[in-house]
Number of protein chains: 2
Amino acid sequence: MLSKSDIKYIQSLSHKKFREQEQLFPVEGVKMVKELLKEANQAIKKLYAVKEWEFIHKQSIPSDIAISIIEDFELQKISSQKTPQQVIALVELPKIDIKTQIFNGVTIVLDHIQDPGNLGTIIRTCDWFGIKNIICSPDTVDVFNAKVVQSAMGSILRVNVFYTALTDFLIMHADFPVYAAVLNGISIHEASIASNCFIVIGNESVGISDEILALTNQRITIPKHGKAESLNAAIATSIILSVVKK
Amino acid sequence: MLSKSDIKYIQSLSHKKFREQEQLFPVEGVKMVKELLKEANQAIKKLYAVKEWEFIHKQSIPSDIAISIIEDFELQKISSQKTPQQVIALVELPKIDIKTQIFNGVTIVLDHIQDPGNLGTIIRTCDWFGIKNIICSPDTVDVFNAKVVQSAMGSILRVNVFYTALTDFLIMHADFPVYAAVLNGISIHEASIASNCFIVIGNESVGISDEILALTNQRITIPKHGKAESLNAAIATSIILSVVKK
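Residues numbered from 1 in each chain as written. Chains lettered and ligands numbered in written order. Predicted model: local features only at pLDDT ≥ 70, side-chain atom pairs only at ≥ 80, totals over all residues. Heavy atoms only, no water.

Relative to chain A, chain B is turned by 180 degrees and slid 0.0 Å along the rotation axis, the superposed coordinates differing by an RMSD of 0.0 Å. These values place the two chain copies in the arrangement generated by a two-fold rotation axis. Identified as the residue of chain B closest to the rotation axis by C-alpha distance is I239 of chain B, at 2.5 Å. (Least-squares fit on C-alpha atoms with pLDDT ≥ 70 in both.)

The angle between the axes and the distance between the axes are what describe a pair of packed helices. Residues and elements named next belong to chain B. Across the interface, helix α6 (residues 116-128) lies against helix α10 (residues 233-244) with an axial gap of 8 Å and an inter-helix angle of 15 degrees. It follows from the interaxial angle that α6 and α10 lie roughly parallel. Classified by chirality, the crossing of α10 by α6 is right-handed. Only A233, A234, T237, S238 and L241 of α10 make contact with α6, whose side of the interface consists of N118, T121, I122, T125 and C126. Partitioning the contact of α6 with α10 into residue classes produces five nonpolar, five polar and no charged. (Axes fitted to C-alpha atoms, helices over the stretch in contact; angles between N-to-C directions. Helix = DSSP H or I, 4+ residues; strand = E, 2+ residues; numbered from the N terminus. Parallel < 35°, antiparallel > 145°, perpendicular 65-115°, else oblique. Left-handed = near helix turned anticlockwise from the far one by under 90°. Contact = heavy atoms within 4.5 Å. Nonpolar A, V, L, I, M, F, W, Y, C, P; charged D, E, K, R; others polar.)

The next subject is the sheet that holds strand β9 (residues 197-202) of chain B. Residues and elements named next belong to chain B. Spatial strand order, β7-β6-β5-β9-β8-β10: six strands in an open sheet with parallel pairing. The sheet terminates laterally at β7 (160-163) and β10 (218-221), the two strands that pair on one side only. In this sheet, neighbouring strand axes are inclined to one another by 35 degrees on average, regardless of whether the strands run parallel or antiparallel. The sheet contact formed by strand β8 (residues 178-187) and β10 spans five bridges and is parallel. (Pairing = 2+ DSSP bridges.)

With that settled, consider the packing of aromatic side chains. All names here are of chain A. For the structure on display, the rule yields 12 aromatic pairs over all chains. Ring centres of F103 and F162 lie 5.7 Å apart, and the angle between their planes is 75 degrees; this geometry places the pair in the edge-to-face category. With F103 in the loop between β4 (87-92) and β5 (106-111) and F162 in strand β7 (residues 160-163), the pair connects residues that are 59 residues apart, well separated along the chain. Using a relative accessible area of 4% as the deciding quantity, one classes F162 as buried. Summarising the aromatic geometry, the rings of F103 and F169 are spaced 5.2 Å apart at their centres and angled 90 degrees between planes, so their arrangement reads as edge-to-face. (Phe/Tyr/Trp six-rings, centres within 6.5 Å; stacked < 30°, edge-to-face > 60°. Buried < 20%, exposed > 50% of the residue type's maximum accessible area, 1.4 Å probe, protein only.)

This is the structure we're talking about:
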């Protein structure tokens, strides 16, 4: 049985401010918690699950992880989803430091991406293509937002997502070339993209900001054959990655 | 001023059954209605707009289109969006017949895609790559669902979307090869994909059904370099299209 304050505490983690204060974020659902237990169980602070879930997964829960058995109506209260799925884990925010991180390989740089589904899909696609790091402008949606976590799926545990002022960052890392995805650049099929580089993807409506374009070495474009005005940011990212990482 | 029955009528169009009965679907927002007026104004049956919108767009509204000027609180009632944007058009469902359609070029075939955002994004991406036709299994989400329309944007007006039993359809159109996007096929970068063909994309959780796989000429795969279990259906479609339509 959850107390009122337990419920309030878990619900508060739907806000970025409280996630940062508590250094925790919720991960929901059978599939995601299964991946967590397999790959990152040391990061799990607490599990809330219905009896049926605990019965099936008992063997895979390390003994030092606290688990609360709850009723369906309680799960409904603490879940951010319309149809919650049996289990919620509270997971420690990753402790990664942008200052000590080495950005070898391809790094995706996101300028002002606001749609949580887009960010989640970008994280998942980066994980598919073996991209380790994503740099976000401070006004990009928070990576531990419930909808981002849901669409990133297990990839949220494997891809590092940093938030920082992009111009300062790119100036500090001027050793690698910067490519910007725009509507009027050289075709991605003709550009020769360095294996260590930054690829900037902008907000769909407003594009990439001028200060960042000024730091760009090459503008690249996905050739258009039809009439759509633009591509969704996650689609653009994935097409570019599929060309870079054949 | 809208009557109660007006409001009820427009709200009813959020249900597929009523859209089909009335042969109408709602298109919302300044940007989409602008595209409609430019490209397909003969399909607009009626406009509902706030005064500010009408004032700015007066010149571009053909005189034979009925327009109701409504208040913000009325727009709120008839809109499917949290923050409605000034105008809603009721638009005639396109009258296209799968039996008389010619499927030259690349046609995307969707097996049981349930997420409306995914279908909308696939339509928009098809429009970008100049793909004219999408064939959906009957259990794929309805193309005139509000969320599909919203994420497809203006492309909903330019790409034909048909619903039919996929196996019968593929058997009837056996003159073109069928490629299926799966996790264990030949790399899309090595496959030579015919310029007239069908490319089948399956539901992310359950994949492509066995009966359809049995009708496939070649299984194709997006090479994986990292650890994500799968790619979102819209992402997979767009990467494949970017390879086929360089």
